[in-house]
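# Inside the fold
In case you want the letters, here they are:
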Amino acid sequence: IAGITQAPTSQILAAGRRMTLRCTQDMRHNAMYWYRQDLGLGLRLIHYSNTAGTTGKGEVPDGYSVSRANTDDFPLTLASAVPSQTSVYFCASSDRPGGEAFFGQGTRLTVV
Amino acid sequence: GQNIDQPTEMTATEGAIVQINCTYQTSGFNGLFWYQQHAGEAPTFLSYNVLDGLEEKGRFSSFLSRSKGYSYLLLKELQMKDSASYLCAVAPEDKIIFGKGTRLHILP
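Everything numeric here is computed off the predicted structure, so don't read it as measured data.

## Description of the overall build of chain A
- Across its full length, chain A holds 0 helices and 11 strands.
- Reading chain A from its N terminus to its C terminus gives the helix and strand order β-β-β-β-β-β-β-β-β-β-β.
- Relative to a compact globule of 112 residues, whose C-alpha radius of gyration would be 13 Å, chain A shows 13 Å and is just as compact.
- Residues counted as buried form 48% of the 112 residues belonging to chain A.
- Intrachain contacts of chain A at a sequence separation of at least 6 include 55% that bridge at least 24 residues.
- With the model as given, the accessible surface of chain A reaches about 5100 Å², and the carbon-plus-sulfur share is 52%.
- Separation between the mean location of the 10 positive side-chain charges and that of the 8 negative ones in chain A comes to 8 Å.

## As for the sheet that holds strand E7 (residues 64-66) of chain A
Residues and elements named next belong to chain A.
- The 4 strands lie next to each other as E1-E3-E8-E7, forming an open sheet whose pairing is antiparallel. Two strands close off the open sheet at either side, each with one partner strand: strand E1 (4-7) and E7. Each neighbouring strand pair of the sheet contributes to a mean axis angle of 20°, computed without reference to strand direction.
- Sheet topology places E1 next to strand E3 (residues 19-25); 4 bridges connect them, and they run antiparallel. Paired with Ala7 across the strands is Arg22, a residue of E3.

## Thoughts on the sheet that holds strand E8 (residues 70-75) of chain B
All names here are of chain B.
- The 5 strands lie next to each other as E1-E3-E8-E7-E6, forming an open sheet whose pairing is antiparallel. Lying at the two open borders of the sheet, with one neighbouring strand each, are strand E1 (3-5) and strand E6 (53-57). Adjacent strand axes in the sheet meet at a mean angle of 15° when their direction is disregarded.

## As for the interface of chain A and chain B
- Chain A puts 21 residues into the contact, and the matching count from chain B is 18 residues.
- With both chains or domains summed, chain A and chain B bury close to 1600 Å², and 58% of this area falls on carbon and sulfur atoms.
- Inspection of the region where chain A meets chain B yields 5 residue pairs in polar contact (both at pLDDT 80 or more).
- Elements with a contribution of two residues or more to the side of chain A that touches chain B: strand E4 (31-38) and strand E5 (42-49) of chain A.
- In terms of residues, the side of chain A that touches chain B owes the most to one element, E5 of chain A, which gives 4 residues.

About the criteria used
- Residues numbered from 1 in each chain as written.
- Chains lettered and ligands numbered in written order.
- Predicted model: local features only at pLDDT ≥ 70, side-chain atom pairs only at ≥ 80, totals over all residues.
- Heavy atoms only, no water.
- Helix = DSSP H or I, 4+ residues; strand = E, 2+ residues; numbered from the N terminus.
- Rg over C-alpha atoms; globule rule 2.2 N^0.38 Å.
- Buried < 20%, exposed > 50% of the residue type's maximum accessible area, 1.4 Å probe, protein only.
- Contact = heavy atoms within 4.5 Å.
- Areas by Shrake-Rupley, 256 points an atom, 1.4 Å probe, with all protein chains shown as cover.
- Lys, Arg positive; Asp, Glu negative; His and termini not counted.
- Charge placed at Lys NZ, Arg CZ, Asp CG, Glu CD.
- Pairing = 2+ DSSP bridges.
- Axes fitted to C-alpha atoms, helices over the stretch in contact; angles between N-to-C directions.
- Buried area = accessible area lost by both parts, 1.4 Å probe.
- Polar contact = N/O pair within 3.5 Å; in protein donor to acceptor, adjacent residues only side chain to side chain.

See the structure below:
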């Protein structure tokens, strides 16, 4: 089934640990995005990529890094997790930059 | 900078009509989206406007005025399953920025 898949679904992580959230899409979309969603703050863009090999900073990039080695994968890495990074993380993709976005099912991350 | 405003919460009655407003100020504009998000789920696409005017899709319609930086989502014949958050999002060039969302409560 075509779509966008995130892993893990949920994770509890000790502060200071490194963590990579995975995102894979099989729709051959050019653009991919990472958002975090927090109560009262809505979806906030962390990083995005318009095409393989390029990335850009969103609204809240600090503490996160991304890579886009190929079209399908867009991992998000927390180098040293802090409790304020506790959130629900959504990956999304669109066929063109700024086009209709399709979302993964989300990853619920708790940093303790 | 980017700024997208929409009401935090709204309440409406089953069978009625509700209009959710969104105002935006962005550097660049490549279109405006509305998404629906049920609690605990991912957002799903509802509509896209890039030109001024009304786009109708079944019970849902979306309107855009680029000169006013204004959009609304109109939901007709409300059903209990329409209880959800409705997210207004703008594409200023090559990314998509979301407002904080409007939580819509439907009363029987």
